[in-house]
Amino acid sequence: MTVVERVGMLETMLRIRRLEEAVVKLAEDPARPIRGHVHVSIGQEAAAAGACAALGSGDYLFTTHRNHGHVLARGGEPTRILAEILGRADGYCHGRAGGFHIAVPALGILHTSAIVGGSVALAAGAAFATSRLGDAHVALVFFGDGAMEEGVFSETLNIAQLWRLPVVFFMENNSVSAAERSGRGSPTSEHSAVALSDVPRAYGLSTEVIDGTALDLVVEVTCRAVEAARAGRGPYFIESRTSRWPGNFGSSPTLALSGETDIAWAWSLETAPEAIRRWADLSDPLLRLARRLLGRGEMARDTLTDRDARVRAEMRRATEAAIQSPEPVAATAAELTLARPSVPSPT
Amino acid sequence: MRDVLYTEALAEALGEVMAEDPRVVLFGANFVGAGPGRALMVGIQQRFADRIVWPPIAELAYCGIAIGAAMAGMRPIVDLSTATFSYEAIPQIVNEAAIAYANSAGQTTAPVVFHMLYGLRGGGAAQHSGSPQGWYWNAPGLQVALPGSPADVKGLLRWAALRSRSPVVFMSHQQLFGVRGSLPDDVALEIPFGQADIKRTGSDVTIVACGVQVPRALEAASTLAREEGIDCEVVDPRTLQPLDVPTILASVRKTGRVVVTDESHDACGVAAGLAAIIADEAFDALHAPIKRVSTAHTPVPYARTLEDSIRPSAARIADAVRAVAGFGVRDAGVGAGLAPGSV
């Protein structure tokens, strides 16, 4: 990866961070402009930016209820993401989907399931189609460690391997960090496997476990997986380990503990609030990359703060535009239940 | 016109849609079970071997894979075999395929055909006799087809596989396999969803019958006409979603007396749903309460006597017709002078 590419991906990660903070601010707004609840991906920006960088333009991306960062990294516009989360007409699905189900077919995001594990089989299906249609695309599906508790996960891995489908299973384990494992020998409190990666290995999948806060590693391994899938060597499984952001309380994330990320924590960690300091030091992929770029002289502090100011301004404008977007017209509620059939081709 | 079996018409449609559209792929290819119709599928299995996959016993994943493939441009037909097996896949069928189009504001389609064999097949016991048509009708975004004749299975399946852009739950019934009927010579017969068919015209009582109830309703109508002079009209909706409400209501308004019959269970079943629509929209035209003939609300028992007792048979349809025909009619022979004004 070149310095220019790395700096570009830092900006993507910064945009995801500021987008997610904008989402949390809206979610915590006492006026409750967001009807539903939200799930954010703070701490998982390197996985989103790095994995999406490995995909080509015709490739398929499937994601989860925790999708904002993935959609943005794939090329989504913040205004349209926020408008969807707010249930507005300018959202990617005109307010029908909400944040749970953002679909952007133009970016290869055909459908987003908020059911844990729901997208895993669909991604294998898109991979099946692309291999059958001979267009040499791949499908990459993000899912959390919890999805591995679902039956559809095991069924899908089995079929994907049997049929050598060009699909990359990208599991984001955001429960624990490598440094903060639970003491009972299992990687999560809910799965019996000693290592979650034992499960895809048992099915014979090429499997790698990576530090999901290390951007270069995410890019390198995902590129390898995508190339293998594209070359017909079958599915690939990646476990990307990140540490849970302290503000991540399930569907009620909060900025109350830490406030917004101050990019200056990259060089003055002691100014970070106590509740976030350890995480900001060890587990924040954004600060980790920023420190590296600064430390190697590949980016100046001023440049970083300038970019951050630009991104903050972008998200402020996006939030404002999304709030200004009209609500959908009530009378259209049942208009899209069934698709109009295709007409017979003239004979 | 040709005289064919239901199974022959089904196999013919499958072969045609495979030949006509390279996007059609089959997930499993038995369709008519292990009975005598099985031989009909051999030709399709051989001719299109490279477009048939035989998935593991994993209904949830292979239905999801078919749905994802449809979203990415294919037109899969999934052979789920017995309808109860589709219960294993409901998270993908109902919670993913059904919602994709509306959820994406019309940007993503999932045109999968889920073929399954529903109902009391004779000795299937509780887990091989299910009738989930009411459930699927209740899932917005799905279409439900219930063909009751050879021509309908061919025309509906061709339309589902070639024209539909929304997912289809396509329900055949083992007791229809031996039903014969005429097939138009028009090889490209396609029946768009949402068009009911008047299977028999009549003036006294409307029988709304779905799927396997169509031949049973015709049998009952023929017995009643011959032996009791009651003239029944048999209306076959053919698809529940979309539903041709105007054709059903027009018949109800003509006769004023209705029996609704389907093999799903009594509670919230298809007969209940159709009866509710008729009551809502044509109460003023009714001369008698609507009667339902469906399956008792109990897990389907195995023993012959028990299963036979809950089947919505031609005899039970005839009894229901007699009840609605005689309601409010005094001093008049059954089948004569049924309009209330004539009493």
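All figures in this text were calculated on a predicted structure; none of them were measured in a lab. (Residues numbered from 1 in each chain as written. Chains lettered and ligands numbered in written order. Predicted model: local features only at pLDDT ≥ 70, side-chain atom pairs only at ≥ 80, totals over all residues. Heavy atoms only, no water.)

Can you explain the overall build of chain A? Please cite residues and give values.
In terms of regular secondary structure, chain A is built from 11 helices and five strands. Whereas a compact globule of 347 residues would reach a radius of gyration of roughly 20 Å, chain A reaches 20 Å, a difference of no more than 12%. When the backbone C-alpha atoms are referred to their principal axes, chain A occupies close to 70 × 50 × 40 Å. A separation of at least 24 residues holds for 72% of the contacts in chain A among residues at least 6 apart in sequence. When the accessible surface of chain A is split by element, carbon and sulfur atoms take 50% of a total near 13700 Å². Mean positive and mean negative side-chain charge positions of chain A (35 and 40 charges, respectively) differ by 2 Å. (Helix = DSSP H or I, 4+ residues; strand = E, 2+ residues; numbered from the N terminus. Rg over C-alpha atoms; globule rule 2.2 N^0.38 Å. Contact = heavy atoms within 4.5 Å. Areas by Shrake-Rupley, 256 points an atom, 1.4 Å probe, with all protein chains shown as cover. Lys, Arg positive; Asp, Glu negative; His and termini not counted. Charge placed at Lys NZ, Arg CZ, Asp CG, Glu CD.)

Describe the pairing of strand E7 (residues 168-173) of chain B, naming the residues involved and giving the relevant values.
Along any regular strand, the residues point their side chains to alternate faces of the sheet. Residues and elements named next belong to chain B. A large share of E7 lies buried, amounting to six of its six residues. Pairing geometry for strand E5 (residues 113-118) and E7, over six bridges, is parallel. When the bridges of E7 are listed, Phe114 appears paired with Val169. Looking at chain direction, strand E6 (residues 143-145) and E7 are connected through three bridges and run parallel. Looking at the pairing, Ala145 lines up with Phe170 of E7. As for the winding sense of the linkage, the β-α-β connection from E6 through helix H6 (residues 150-162) to E7 is right-handed. (Buried < 20%, exposed > 50% of the residue type's maximum accessible area, 1.4 Å probe, protein only. Pairing = 2+ DSSP bridges. Right-handed = clockwise from strand over helix to strand, strands pointing away.)

I'd like a description of the packing of helix H1 (residues 3-28) of chain A against helix H11 (residues 301-324) of chain A, backed by residues and values.
The angle between the axes and the distance between the axes are what describe a pair of packed helices. Residues and elements named next belong to chain A. Interhelical geometry of H1 versus H11 gives an angle of 40 degrees and a closest axis separation of 9 Å. Between H1 and H11, the crossing angle belongs to the class labelled oblique. H1 and H11 meet at a crossing whose hand is right-handed. Contacts between H1 and H11 involve Val7, Leu10, Glu11, Leu14, Arg15, Arg18, Leu19, Ala22 and Leu26 from the first element and Leu304, Arg307, Asp308, Arg310, Val311, Arg312, Glu314, Met315, Thr319 and Ile323 from the second. Its residues assigned to classes, the contact of H1 with H11 comprises 10 nonpolar, one polar and eight charged. (Axes fitted to C-alpha atoms, helices over the stretch in contact; angles between N-to-C directions. Parallel < 35°, antiparallel > 145°, perpendicular 65-115°, else oblique. Left-handed = near helix turned anticlockwise from the far one by under 90°. Nonpolar A, V, L, I, M, F, W, Y, C, P; charged D, E, K, R; others polar.)

Just give me the short version of the interface of chain B and chain A, but keep the residues and values in it.
Buried accessible area, meaning the area lost when the parts come together, often serves as the stated size of an interface. At the interface, 47 residues of chain B touch 40 residues of chain A. Buried area between chain B and chain A, both sides added, is near 3500 Å², and the carbon and sulfur share of it is 67%. Contact with chain A buries area across many residues of chain B, yet B:Ile65, B:Asn103 and B:Arg163 alone supply 17% of it, more than any other trio. In this structure, the connection of chain B to chain A is made through zero salt bridges. Between chain B and chain A we count 13 residue pairs in polar contact (both at pLDDT 80 or more) in total. Put simply, the parts of the chain that give the side of chain B that touches chain A at least two residues each are strand E2 (24-27), helix H3 (59-71), helix H4 (90-103) and H6 of chain B. For the side of chain B that touches chain A, the leading source of residues is H3(B), giving 10 residues. (Buried area = accessible area lost by both parts, 1.4 Å probe. Salt bridge = Lys/Arg side-chain N within 4 Å of Asp/Glu carboxyl O. Polar contact = N/O pair within 3.5 Å; in protein donor to acceptor, adjacent residues only side chain to side chain.)

Outline the state of the cysteines, listing residues and values.
All names here are of chain B. Within the structure shown, the criterion is met by zero disulfides over all chains. No disulfide involves Cys210; its sulfur sits 16 Å from that of Cys268, the nearest cysteine. The class of Cys210 is buried, set by a relative accessible area of 1%. (Disulfide = S-S within 2.5 Å.)

Please provide a residue-by-residue account of the sheet that holds E7(B), values included.
Residue and element names in this part refer to chain B. If you trace the seven strands from one edge of the open sheet to the other, you get E3-E2-E4-E5-E7-E6-E12, paired in mixed fashion. Each end of this open sheet is capped by a strand with a single partner; those strands are strand E3 (52-53) and strand E12 (239-241). Pairing between strand E4 (residues 75-82) and E5: four bridges, direction parallel. Bridge assignment links Ile77 to a residue of E5, and that residue is Val113. Each of E2, E4 and E5 touches H3; the most contacted strand, E4, lies at about 160 degrees to it.

Tell me about the nonpolar core, and name the residues and values.
Counting residues in hydrophobic clusters, the biggest one holds 124 residues, and the most contacted among them are A:Phe143 and A:Phe169. Counting residues per element, this core draws most heavily on H3(B), at nine residues. Leave out the neighbours within four places in its chain, and A:Phe143 touches A:Thr64, A:Val120, A:Met148, A:Phe153, A:Phe169, A:Phe170, A:Met171, A:Glu172 and A:Phe237. One finds A:Ala48, A:Val221, A:Met299 and A:Ala322 within the second-largest nonpolar core, a separate group that totals 76 residues. (Core = buried A, V, L, I, M, F, W, Y, C linked by side-chain atoms within 4.5 Å.)

I'd like a description of the sheet that holds strand E10 (residues 205-209) of chain B, backed by residues and values.
All names here are of chain B. Strands sit in the order E9-E11-E10-E13-E14 across an open sheet of five strands; the sheet is mixed. A strand with exactly one partner marks an edge of an open sheet, and here the two such strands are strand E9 (197-200) and strand E14 (291-295). Here the average twist between neighbouring strands, direction ignored, is 25 degrees. Note that E9 and strand E11 (residues 232-236) share three bridges and pair antiparallel. Each bridged residue has a counterpart across the sheet, and for Asp197 the counterpart in E11 is Asp236. Contacting E10, strand E13 (258-265) and E14, helix H9 (residues 270-282) crosses the sheet at an angle of about 150 degrees to E13.

Account for the side chain of B:Arg238, with residues named and values stated.
All names here are of chain B. Of note, Arg238 is situated in the loop between E11 and E12. Assessed through its relative accessible area of 9%, Arg238 is described here as buried. Ignoring sequence-local partners within four residues, the contact set of Arg238 consists of Val144, Ala145, Leu146, Pro147, Asp152, Leu156, Ile191, Gln195, Ala196, Asp197 and Lys199.

An account of the environment of B:Leu5 is requested, with residue identities and associated values reported.
Residue and element names in this part refer to chain B. Here Leu5 lies in strand E1 (residues 2-5). Taking the C-alpha atoms as reference points, Leu5 and Leu249, separated by 244 residues in sequence, lie 31 Å from one another. Not counting chain neighbours up to four residues away, the residues in contact with Leu5 comprise Pro150, Phe177, Gly178, Val179 and Arg180.

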